Amino acid sequence: MLLENSRGPDDNIREGYIIGLICLFYLFHGLTTSPLFVGYGYDREVFRYFGMLIYNGGVPYVDAFDHKPPVIYLLFFLGHVLNNGPWGAFIIFQIIGASASLMFFAACKKHIGKNNSLVVTFFYIALVKYDFVINEGGLTRELSSALTMMLFSIFLFSIKNKIIFLSGVLFTVIFYTQQNEVIAIIPLLIYFLTTDLNFRAKDLFKTILIRSVIFFAGSLLIHLAIFFLFYRWDALEELISQAFLFNTQHYIAENSFLVRFAKVIYNMTFGLEIYSPIFLALILCSFPLIALLRNRNVHNV
């Protein structure tokens, strides 16, 4: 929880101001991609059209073609329910992004204190609002970045069964938002699921098995929900062929699976202009590391 009941009223009020400050800082950066400053166009208009299509009884991948996974269309459908103009989805994006920032602040506060956490959170917001991530706004990369931060944050709280189950849910929602995002998440996921284990313990494999089952149970929940929805729409085949098979069959021409896989990895890493974000990410990661080393030196004195 962001606010702790055991603290005094003054502390809770002060922390309430911090939470409000984080939200305002996020929304201030988010305004650059709001309908006030960005007109119609870009990929988000395709997503908005799909949301309108669902709202009017149409079926994605059947009544219109696109190759993105379905979560972004469902989000824009909710945005269309909220407002049939450009504001609905924008508001939902800001709520998700601000929630991810607050979760990150709460998780960092547990390890590096309130003041340091505030600095790191502001740095994260400035980083995630970098043009490479947000671009014109309302895209899958913006949504998957916020969901990834939520997944990272919950692991910083604790490794409990409910956290592992929730991680399976979030991981699969990210997969159905932007598949390539999970490539970066998998090593982090394995680390967090095993970092507190004693690898010499007799029940090691039992613990790993239990955690894996809980994780896949959370993942299965989302898989079943998506597949049931598209089964009811009689669009399972179209979902699989357009959202998952289209990219590998049409964007990369070679027939060899290994060549296609290698090019996909290259295009998602060195083929992108990500050097500035990587540099900023290294600075962001070094901040809690420096705090950790400082605390260790204090204990050694």
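Everything quoted here is computed from the prediction, not taken from an experiment.

Calculation criteria
- Residues numbered from 1 in each chain as written.
- Predicted model: local features only at pLDDT ≥ 70, side-chain atom pairs only at ≥ 80, totals over all residues.
- Heavy atoms only, no water.
- Helix = DSSP H or I, 4+ residues; strand = E, 2+ residues; numbered from the N terminus.
- Buried < 20%, exposed > 50% of the residue type's maximum accessible area, 1.4 Å probe, protein only.
- Contact = heavy atoms within 4.5 Å.
- Areas by Shrake-Rupley, 256 points an atom, 1.4 Å probe, with all protein chains shown as cover.
- Phe/Tyr/Trp six-rings, centres within 6.5 Å; stacked < 30°, edge-to-face > 60°.
- Axes fitted to C-alpha atoms, helices over the stretch in contact; angles between N-to-C directions.
- Left-handed = near helix turned anticlockwise from the far one by under 90°.
- Nonpolar A, V, L, I, M, F, W, Y, C, P; charged D, E, K, R; others polar.
- Parallel < 35°, antiparallel > 145°, perpendicular 65-115°, else oblique.
- Patch = residues over 30% accessible without salt bridge, like charges linked within 9 Å, V, L, I, M, F, W, Y side chains within 5 Å.
- Salt bridge = Lys/Arg side-chain N within 4 Å of Asp/Glu carboxyl O.
- Expected span 1.5 Å × (residues − 1).

Colleague: Mind showing me how you'd approach the overall build of the chain here?
Modeller: Helix and strand counts for the chain come out as 13 helices and zero strands. When the helices and strands of the chain are listed from N to C terminus, the series reads α-α-α-α-α-α-α-α-α-α-α-α-α. The 301 residues of the chain split such that 42% are buried. Taking all contacts inside the chain whose residues are at least 6 apart in sequence as the whole, residues at least 24 apart take part in 67%. For the chain, the computed accessible surface area is about 17200 Å², with 67% contributed by carbon and sulfur atoms.

Colleague: Can you walk me through the packing of aromatic side chains in this structure?
Modeller: Two descriptors summarise a pair of aromatic rings, namely the distance from one centre to the other and the angle between the planes of the rings. Inspection of every chain in the model, using the stated rule, returns 22 aromatic pairs. An angle of 55 degrees between the planes, with centres 6.1 Å apart, marks the rings of phenylalanine 47 and tyrosine 73 as tilted. One end of the pair, phenylalanine 47, is in helix H2 (residues 43-55); the other, tyrosine 73, is in helix H3 (residues 71-82), and 26 residues separate them in sequence.

Colleague: Got a minute to help me understand the packing of helix H4 (residues 87-112) against helix H5 (residues 114-128) in this structure?
Modeller: Contact pair H4 / H5: the axes reach a minimum separation of 8 Å and the direction vectors enclose 145 degrees. Between H4 and H5 the crossing geometry is right-handed. Mapping the contact onto sequence places Ala100, Ser101, Phe104, Phe105, Cys108, Lys109 and Ile112 in H4 and Lys114, Asn116, Ser117, Leu118, Val120, Thr121, Tyr124 and Ile125 in H5. Across the contact of H4 with H5, the residue classes break down as nine nonpolar, four polar and two charged.

Colleague: Help me out: how do you make sense of the packing of H4 against helix H7 (residues 140-157) in this one?
Modeller: Helix-helix packing: each pair is described by the crossing angle between the helix axes and the interaxial distance. It is the contact of H4 with H7, at a shortest axis distance of 8 Å, that shows an interaxial angle of 25 degrees. Here H7 runs roughly parallel to H4, going by the angle between their axes. For the element pair H4 and H7, the recorded crossing hand is left-handed. Side by side, H4 and H7 meet where Phe93, Gln94, Ile96, Gly97, Ser99, Ala100, Met103, Phe104, Ala106, Ala107, Lys110 and His111 of the first sit next to Glu142, Leu143, Ala146, Met149, Met150, Phe152, Ser153, Ile154, Leu156 and Phe157 of the second. Taken together, the residues of the contact of H4 with H7 break down into 15 nonpolar, five polar and two charged.

Colleague: Honestly, a nonpolar patch on the surface in this entry has me stumped. Any pointers?
Modeller: The grouping of Leu31, Leu36, Phe37, Leu82, Trp87, Ile91 and Ile95 at the surface amounts to a nonpolar patch, some 700 Å² of accessible area in total. When residues of the nonpolar patch are assigned to their parent elements, the largest contribution, three residues, is made by H4.

Colleague: Honestly, H2 in this entry has me stumped. Any pointers?
Modeller: An α-helix turns once every 3.6 residues. As a result, residues three or four positions apart point the same way. Spanning 13 residues, H2 covers 19 Å between terminal C-alpha atoms, matching the ideal 18 Å at 1.5 Å per step. Of all the residues in H2, the buried ones are Arg44, Glu45, Phe47, Arg48, Phe50, Gly51, Leu53 and Ile54. Contacts made by the buried residues of H2 are with H3 and H7. Positive phi shows up at glycine 57, right after H2, with a value of about 90 degrees.

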